[in-house]
Amino acid sequence: MAKRKTSTPGDHLTDCLRAPMKALRRAAKQPIPMLETLAMGAIGLLGVGWAMSGVLLPEAGAFEAAVLGGMRGFALIVPLLVFVAATNALQAPGSSGGNASLKTSLAITATATVLPGLIAVILGAMALALPLFVDAAVVSVGLAAIAAVAWLMGVVMMTGVGHAMAGNSSKPIGVASAVGALLIVGFVSGLTWWILSDPPWARSESPWGFL
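Visitor: For the overall build of the protein, give the residues involved together with the corresponding values.
Guide: When helices and strands are counted, the protein shows 8 helices and 0 strands. Tracing the protein from N to C terminus, the helices and strands come up as α-α-α-α-α-α-α-α. Within the protein, the fraction of its 211 residues that count as buried is 38%. Nonlocal contacts in the protein, meaning residues at least 24 apart in sequence, comprise 73% of its contacts between residues at least 6 apart.

Set out below in structure tokens:
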């Protein structure tokens, strides 16, 4: 049996922007240039961090907001990996009789981040530049909200569709599974924040608190 050929980075990334359904089907059915796609997804996280900097770092200058906002954007890698694992676990069985492997789920999610990531980068650059000319908090809040919603909804919906393609299942069911995975990420993130904000071991004589 002939080995399936991996698409070239240029072809796949172009399809991610111009023909996202084609790119998702490729990620669901055959190998893709993983490193290049992950790199583009990481740039999208940078854009999300920039867009949120006006809200999270209102007093910061443009350079400081770019650096610190970008670092906060990259921190989204952790919940994104949890989303990949949760989506893989919750994917609905398809008519083909098999589900996507964890590697395929990573490829689908990475592909799904490229187009929303480009939108986030554009909005993030605007969030860094506009405060230099316009002194209005509503601009920062508006750009942050649009970037966050566009990136999050784009990634969730496209990831769900990609998993539906992988198993030849219903696209609405695939999207519903991805939404369920998002709820799991929200629960895990909220629980982690709650524990770290007031760690129980900090009030105990024992270093681990519960021992």
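Visitor: Now, about the environment of Gln91: what can you tell me, with residues and values included?
Guide: The topology assignment puts Gln91 in the loop between helix H5 (77-90) and helix H6 (102-129). Residue classification places Gln91 among the buried residues on the basis of a relative accessible area of 10%. Gln91 sits 78 residues away from Ser169 along the chain, and the two C-alpha atoms are 9.5 Å apart. Setting aside residues up to four positions removed in sequence, Gln91 forms contacts with Asn99, Ala100, Ser105, His163 and Ser177. Side-chain polar atoms of Gln91 contact the backbone oxygen of Asn88, separated by 2.9 Å. Looking at Gln91, its side chain comes within polar contact range of the main-chain oxygen of Ala100, at 2.9 Å.

Visitor: Tell me about the side chain of Thr109, residues and numbers included.
Guide: Locating Thr109 in the fold gives a position in helix H6. The buried category is assigned to Thr109, whose relative accessible area is 2%.

Visitor: Which residues make up the nonpolar core, and what values do they have?
Guide: Within the largest apolar cluster, 14 residues are counted, with the highest numbers of intra-cluster contacts made by Leu24 and Ile108. Those elements that place two or more of their residues in this core are helix H2 (20-29), H6 and helix H7 (137-167). A total of 4 residues in this core trace back to one element, the largest contributor, which is H7. Formed by 12 residues, the second largest nonpolar core is a distinct cluster that contains Leu80, Ala86, Ala120 and Ala178.

Visitor: Describe a nonpolar patch on the surface, naming the residues involved and giving the relevant values.
Guide: A cluster of nonpolar side chains, Leu90, Ile184, Phe187, Val188, Leu191, Trp193 and Trp194, forms an exposed patch at the surface whose accessible area comes to about 760 Å². If you tally residues by element for the nonpolar patch, the top one is helix H8 (residues 171-197), at 6 residues. Take Val188: it is sitting in helix H8.

Visitor: So what about H7? Which residues, and what values?
Guide: Here H7 spans 45 Å end to end across 31 residues, near enough to the 45 Å set by a 1.5 Å rise per residue. Positive backbone phi, approximately 55°, marks Asn168, located one or two places after H7.

Visitor: Help me get a handle on the environment of Ala65, residues and values and all.
Guide: Mapped onto the fold, Ala65 is located in helix H4 (residues 62-74). C-alpha separation for the pair Ala65 and Trp50, spaced 15 residues apart in sequence, amounts to 6.9 Å. Residues contacting Ala65, with those up to four places away along its chain left out, are Trp50, Ser53, Leu57, Ala60, Gly70 and Leu128.

Visitor: Provide a residue-level description of the pattern of salt bridges, including the pertinent values.
Guide: Summed over all chains, the structure comprises 2 salt bridges. Measuring nitrogen to oxygen at the nearest pair gives 4.0 Å for the salt bridge that ties Asp15 to Lys22. Here Asp15 falls in the buried class, since its relative accessible area comes to 12%. Across the pair Arg26 and Asp15 runs a salt bridge, and its minimum N-O distance is 2.7 Å. With Arg26 in helix H2 and Asp15 in helix H1 (residues 9-18), the pair connects residues that are 11 residues apart, well separated along the chain. For Arg26, a relative accessible area of 12% corresponds to the buried category. Residues participating in the shared-partner salt-bridge network are Asp15, Lys22 and Arg26.

Cut-offs applied
- Residues numbered from 1 in each chain as written.
- Predicted model: local features only at pLDDT ≥ 70, side-chain atom pairs only at ≥ 80, totals over all residues.
- Heavy atoms only, no water.
- Helix = DSSP H or I, 4+ residues; strand = E, 2+ residues; numbered from the N terminus.
- Buried < 20%, exposed > 50% of the residue type's maximum accessible area, 1.4 Å probe, protein only.
- Contact = heavy atoms within 4.5 Å.
- Polar contact = N/O pair within 3.5 Å; in protein donor to acceptor, adjacent residues only side chain to side chain.
- Core = buried A, V, L, I, M, F, W, Y, C linked by side-chain atoms within 4.5 Å.
- Patch = residues over 30% accessible without salt bridge, like charges linked within 9 Å, V, L, I, M, F, W, Y side chains within 5 Å.
- Areas by Shrake-Rupley, 256 points an atom, 1.4 Å probe, with all protein chains shown as cover.
- Salt bridge = Lys/Arg side-chain N within 4 Å of Asp/Glu carboxyl O.
- Expected span 1.5 Å × (residues − 1).

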